[in-house]
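Coordinate analysis (summary)
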Amino acid sequence: MTAYVVAKYRITNPKGYEAYVPAVIPTLMAHGAEVLVADYDSVVMEGDAPHTTIVIRFSSKEAARAWYDSPEYRAVIHHRVDNTEGCLVLTDQWTPPT
């Protein structure tokens, strides 16, 4: 079943974050991921949420976990976690009830 990684975060150190995007893209492509949303100026309609929204599609939760746990991603993750505040979640695609 298709799965999604959804990130919502606030960039706290733009200079430190600069290296993340060019470093993470090859790791995603190597794992067959598709970036569906990459918006650094999301409009918050309710609540208090950070303005960065990223949505990445994977073929399954297992595929997403394989990317997240891969040595290639582990080598670049610090560019995001050291320079942002927020969250990253892994979720299944919604399937309507039958």
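Our structure is the block above this text.
Now for a description of the structure that goes with this document. (Residues numbered from 1 in each chain as written. Predicted model: local features only at pLDDT ≥ 70, side-chain atom pairs only at ≥ 80, totals over all residues. Heavy atoms only, no water.)

Quick word on the overall build of the protein
A tally of helices and strands in the protein yields 5 helices and 4 strands. Relative to a compact globule of 98 residues, whose C-alpha radius of gyration would be 13 Å, the protein shows 14 Å and is just as compact. Seen through its principal axes, the protein has C-alpha atoms that stretch 45 × 35 × 15 Å. Buried positions account for 32% of the 98 residues belonging to the protein. When contacts within the protein are restricted to residue pairs at least 6 apart in sequence, long-range pairs at least 24 apart make up 73% of them. Carbon and sulfur atoms make up 57% of the accessible area of the protein, which amounts to about 6100 Å² in all. (Helix = DSSP H or I, 4+ residues; strand = E, 2+ residues; numbered from the N terminus. Rg over C-alpha atoms; globule rule 2.2 N^0.38 Å. Buried < 20%, exposed > 50% of the residue type's maximum accessible area, 1.4 Å probe, protein only. Contact = heavy atoms within 4.5 Å. Areas by Shrake-Rupley, 256 points an atom, 1.4 Å probe, with all protein chains shown as cover.)

Brief notes about a nonpolar patch on the surface
Among the surface-exposed residues, Val21, Ile25, Met29, Val35 and Tyr40 lie close enough to one another that they form a single nonpolar patch of about 390 Å² accessible area. Broken down by element, the nonpolar patch gets its largest block of residues, 3 residues, from helix α2 (residues 20-30). For Tyr40, the location among the structural elements is in the loop between β2 (34-39) and β3 (52-58). Owing to a relative accessible area of 39%, Tyr40 belongs among the partly exposed residues under this scheme. (Patch = residues over 30% accessible without salt bridge, like charges linked within 9 Å, V, L, I, M, F, W, Y side chains within 5 Å. Salt bridge = Lys/Arg side-chain N within 4 Å of Asp/Glu carboxyl O.)

Here we look at α2
Listed as buried for α2 are Tyr20, Val24, Thr27 and Leu28. Down the axis of α2, the sector holding all buried residues measures 100°, keeping them to one side. Relative to its buried face, α2 has exposed residues pointing more than 90 degrees away, namely Pro22 and Ala30. Two residues or fewer after α2 comes Gly32, characterised by a positive phi angle close to 70°. (Arc of directions from axis to C-beta.)

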